[in-house]
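For reference, the chains in residue letters:
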Amino acid sequence: MGKKDKTGTDIAAGNGLLDRRTLLKNGLRFGVIAVPAVAAAADRTREKFDPARPPWMLTPGAGFTPYGSPSPFENDVVRFPAPNRVMRNSGVSFTPLHLMEGTITPNGLHYERHHNGVPQIVPEEHRLLVHGLVKKPLFFTVDDLLRYPLRSRQCFIECSGNSATGWNRIPSRFPAGYVHGLVSNTEWTGIPLAVLLDEAGVDKKAAWVVAEGADAFALDVSIPLEKAMDDAVLALYQNGERLRPENGYPLRLVLPGWEGVTNVKWLRRLELREGPIMSRDETARYTDLLPSGKARQFSFIMEAKSLITSPSTGMVLKSGPGLYQITGLAWSGRGRIREVQVTTDGGKSWAAAALQEPVLSKALTRFRIPWRWNGSPALLQSRAVDETGYVQPSRSELIAKRGRNGFYHYNAVVTWKVDSDGTVSHVYENRNEPSGDHVDIDTGWD
Amino acid sequence: MNRPAITSILILAGTSVPGLCHAGAADIPAGPGLGRPATPAEISRWDREVAPDGTGLPAGEGTAREGEGVYVKQCLSCHGKDGLGDSGDQLAGAHMGLTSDYPEKTIGNFWPYATTLFDFIRRSMPMTAPQSLSDDEVYAVTAYLLYLNGIIGRDDKLNAKTLPRIKMPNRNGFINVYKKEKGGDGAR
């Protein structure tokens, strides 16, 4: 520290990265970062009004709405579905992270992963069965569960297939959220799973819990009892309202920091067992093939990751050279984010970004740092460090460790290139990648 | 979480608090004990899970010869001829092995347990009408897929006794990374 630029601002790293404390100064004026034009936005009819006497001040406004919706002028801020080409109810939809700020994901924008559609469950006819290696197998109705002591906590849920096109030899040209948006952050309210397991009386021999959903896939996965007794939640509420159908209404298992598939939606059955059940979605899928031909299994924990959401690919630094705000998200399945480092010179020099408080364990953390762009091409990256000291790997480090065919658990540093005309695009830090692609945006989601 | 406060809330709400016995961690609050006992008959209707040792496999049987018809009618439109894949997963006929640059994962070269195949087909397939196949049909189409992968013969009978005995080629192809990190049995 101590170096200042010609305006007297503290320089934090090369190529114009300014000290994060600059954000606390008065009168900062950031340049305009234009987001990708989409059809919906282009269709807006922009009449010219006199802002001093706009028509909405001259006639009474609309009445009350039982359930509010976003402004029609924000109708391009929507999820991006990538369904199977035949079974259109199977696949994923991405959270538009590049069009959002803060850390909480509104319920209508939470990412989706459905294996065979969203069931319309009648809550009165839904039951949770707890059985297997327990003293008393028990049924619970949803009304029963609503009478238990509830707890709330914020955490992210991330599909382990998030960012999977990162394994490709050619960088994806989709907007950031439509590649990395299989992660969302929610305040979940529910019952600590340990309370119900305690009521059923866990047998000493039990070491795993099989969780099963009530959808048309009857998706089932095995979870170590240790996690079930630690911080697992039977969620009934999502950001203050009952769960959305696409997020497990009326009951979802939430395992903070663990891959999305283990956060079983529409939860109907928990079976305590000595060993895992070896279901299809913990053997044939959700296992990570290594170059050796062996596959990583039960790779539950989502390791630390970060992403610059603005500026990001497809955007334009419209104001030309000058001061811009770099912002993004960081998270770790092992706990709190300790630091997010940002570079604008492709990794030659790094500076610590400001972390938006509160920094919560296993939750999305917003970071921001000011940058004075000099108008030359620049390479922007962010790198997360979590409280265990784990450092988010570069793409080359990740590929050296895991190969290219793991499909799941891609958490490498992402590089955005700013060209001298202000356009931002996705590049890889290693330009000597062999050509030819394997992972398509829609494979792996059947 | 403050247990006395919760207890008093429950009492105010007129809810009884049954025996506060806890096997688990000390900070687990007492629930109101609203679970209704489930009978073995009820559990058997709810639990259709098949374990690697064959627990949960129903009566019935089938062969690949019988299963081909089931496959053509129920599976082919998504999984392609001979399980070569289409809009649905490739199930058989991998040309590229697991260590190639472009590996093809199939039942024969990747799935570690044959029981998983029965369990998955019975619970999730076909996607247009899950749980619509009879147990005999599930045995038969499981046999057909194992036959396509060169694991059993066309007339080998698959049932609750024979299915768990099948040793899949990639049975030892997985690394339990959770166990590796945690030590012990990786579960508690």
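Residues numbered from 1 in each chain as written. Chains lettered and ligands numbered in written order. Predicted model: local features only at pLDDT ≥ 70, side-chain atom pairs only at ≥ 80, totals over all residues.

### Section: the overall build of chain A
Stage number 1. What chain A contains, in helices and strands, is 6 helices and 28 strands.
Stage number 2. Taking 22 Å as the expected radius of gyration for a compact globule of 446 residues, we find that chain A reaches 23 Å, a close match to that expectation.
Stage number 3. Considering only intrachain contacts with a sequence separation of at least 6, the fraction spanning at least 24 residues in chain A is 73%. (Helix = DSSP H or I, 4+ residues; strand = E, 2+ residues; numbered from the N terminus. Rg over C-alpha atoms; globule rule 2.2 N^0.38 Å. Contact = placed C-beta atoms within 7 Å.)

### Here we look at the packing of helix H6 (residues 114-124) of chain B against helix H7 (residues 135-148) of chain B
Residue and element names in this part refer to chain B.
Stage number 1. At their nearest, the axes of H6 and H7 sit 10 Å apart, and the two run at 130 degrees to each other. Taken together, the axis directions place H6 and H7 in an arrangement best described as oblique. Considering only the axes of H6 and H7, their crossing is right-handed. Note on element contacts: H7 touches H6 through Val138, Val141, Thr142, Leu145 and Leu146, opposite Ala114, Leu117, Phe118, Ile121 and Arg122.
Stage number 2. When the residues that make up the contact of H6 with H7 are grouped by side-chain class, the tally is 8 nonpolar, 1 polar and 1 charged. (Axes fitted to C-alpha atoms, helices over the stretch in contact; angles between N-to-C directions. Parallel < 35°, antiparallel > 145°, perpendicular 65-115°, else oblique. Left-handed = near helix turned anticlockwise from the far one by under 90°. Nonpolar A, V, L, I, M, F, W, Y, C, P; charged D, E, K, R; others polar.)

### Brief notes about the interface of chain A and chain B
Stage number 1. Listed as interface residues are 62 residues of chain A and, on the opposing side, 52 residues of chain B.
Stage number 2. Those elements that place two or more of their residues in the side of chain A that touches chain B are strand S7 (127-132), strand S8 (138-141), helix H4 (193-200), strand S11 (208-213), strand S12 (220-224), helix H5 (225-230), strand S16 (267-273) and strand S18 (295-297) of chain A.
Stage number 3. The leading source of residues in the side of chain A that touches chain B is H4 of chain A, at 7 residues.
Stage number 4. Among the residues making up the side of chain A that touches chain B, the classes are represented as 33 nonpolar, 14 polar and 15 charged.
Stage number 5. Here S8 of chain A runs beside strand S1 (residues 36-37) of chain B; their pairing, made up of 2 bridges, is antiparallel. Considered in S1 of chain B, the bridge of leucine 138 of chain A is made with proline 37 of chain B. (Pairing = 2+ DSSP bridges.)

### Here we look at H7 of chain B
Residues and elements named next belong to chain B.
Stage number 1. The end-to-end C-alpha distance of H7 is 20 Å, a good match for the 20 Å that 14 residues give at a rise of 1.5 Å each.
Stage number 2. A large share of H7 lies buried, amounting to 12 of its 14 residues.
Stage number 3. When we look at burial in H7, the residues that qualify are Glu137, Val138, Tyr139, Ala140, Val141, Thr142, Ala143, Tyr144, Leu145, Leu146, Tyr147 and Leu148.
Stage number 4. Structurally, H7 contributes buried residues whose contacts are with strand S2 (61-62), helix H3 (64-74), helix H5 (107-110), H6 and strand S3 (158-159). (Expected span 1.5 Å × (residues − 1). Buried ≥ 20, exposed ≤ 12 C-beta atoms within 10 Å, placed from the backbone.)

### Examining unusual backbone geometry
Residue and element names in this part refer to chain A.
Stage number 1. Here the amide bond leading from serine 310 into proline 311 is cis, since omega sits at -5 degrees, within 30 degrees of zero.
Stage number 2. Here proline 311 lies in the loop between strand S19 (305-310) and strand S20 (316-317).
Stage number 3. Put simply, glutamate 357 and proline 358 share a cis peptide bond, and its omega is -5 degrees.
Stage number 4. Tracing the backbone through its elements, the reader meets proline 358 in the loop between strand S24 (354-355) and strand S25 (365-373).
Stage number 5. Within the chain, alanine 218 stands out as a residue other than glycine whose phi angle is a positive 50 degrees.
Stage number 6. Within the secondary structure layout, alanine 218 lies in the loop between S11 and S12.

### Comments concerning the sheet that holds strand S17 (residues 288-289) of chain A
Stage number 1. Ordered in space as S17(A)-S18(A)-S4(B), the 3 strands form an open sheet in which the pairing is mixed. Each having just a single partner strand, S17 of chain A together with strand S4 (174-176) of chain B make up the two edges of the open sheet.
Stage number 2. Strand direction decides the pairing type here: S17 of chain A and S18 of chain A, joined by 2 bridges, are antiparallel. From the neighbouring strand, aspartate 288 of chain A faces S18 of chain A, where its bridge partner is arginine 296 of chain A.

### What to know about the confidence of the model for chain A
Stage number 1. Per-residue confidence for chain A gives a mean pLDDT of 93, with 93% of residues at or over 70.
Stage number 2. Scored below 50 in pLDDT, residues 438-444 of chain A shows 17 contacts in the model against residues more than four places distant or in partner chains. (pLDDT = per-residue confidence, 0-100.)

### So, the pairing of S16 of chain A
All names here are of chain A.
Stage number 1. Burial runs high along S16: 6 of the 7 residues are buried.
Stage number 2. In this structure, S7 lies alongside S16, joined through 4 bridges in parallel fashion. Of the residues in S16, the one forming a bridge with valine 130 is leucine 270.
Stage number 3. Inspection of the sheet shows S11 paired to S16 by 6 bridges, in the antiparallel sense. Bridging across to S16, valine 210 finds its partner in glutamate 271.

### Comments concerning the confidence of the model for chain B
Residue and element names in this part refer to chain B.
Stage number 1. Per-residue confidence for chain B gives a mean pLDDT of 87, with 83% of residues at or over 70.
Stage number 2. Here residues 1-24 scores under 50 on pLDDT; set against residues more than four positions off or in separate chains, the count is 28 contacts.
Stage number 3. Reported confidence for the predicted complex is 0.92 by ipTM and 0.92 by pTM.

### A short note on the sheet that holds strand S22 (residues 337-343) of chain A
Residue and element names in this part refer to chain A.
Stage number 1. Read across the sheet, 5 strands follow the order S23-S22-S26-S27-S28 without closing on themselves; strand pairing throughout is antiparallel. Of all the strands in the sheet, just strand S23 (351-352) and strand S28 (424-427) have a single pairing partner and so form its edges.
Stage number 2. In this structure, S22 lies alongside strand S26 (residues 378-386), joined through 6 bridges in antiparallel fashion. Residue pairing across strands places valine 342 opposite serine 382, the latter belonging to S26.

### Section: the packing of H3 of chain B against H7 of chain B
Residue and element names in this part refer to chain B.
Stage number 1. In the contact formed by H3 and H7, the axes pass within 7 Å of each other and the chain directions differ by 100 degrees. Classed by the angle they form, the pair H3 and H7 counts as roughly perpendicular. The residues of H7 that touch H3, namely those facing Ala64, Glu66, Gly67, Glu68, Val70 and Tyr71, are Glu137, Ala140, Val141, Ala143, Tyr144 and Tyr147.

### A few points about the environment of asparagine 185 of chain A
All names here are of chain A.
Stage number 1. Note on placement: asparagine 185 falls in strand S10 (residues 183-192).
Stage number 2. We classify asparagine 185 as buried; it has 24 C-beta atoms within 10 Å.
Stage number 3. Taking C-alpha positions, asparagine 185 is 6.4 Å from isoleucine 157, a pair spaced 28 residues apart along the chain.
Stage number 4. Leaving out residues up to four positions away in the same chain, asparagine 185 has contacts with Thr103, Ile104, Thr105, Gln154, Phe156, Ala363 and Leu364.

### Digging into the environment of glutamate 49 of chain B
Stage number 1. Relative to the helices and strands, glutamate 49 of chain B is located in the loop between helix H2 (40-46) and S2.
Stage number 2. Looking at glutamate 49 of chain B, the number of C-beta atoms within 10 Å reads 21, which means it is buried.
Stage number 3. Once you skip the residues sitting within four places of it in the chain, glutamate 49 of chain B turns out to touch Val210, Asp220, Glu271 and Ile277 of chain A together with Gly56 and Asp119 of chain B.

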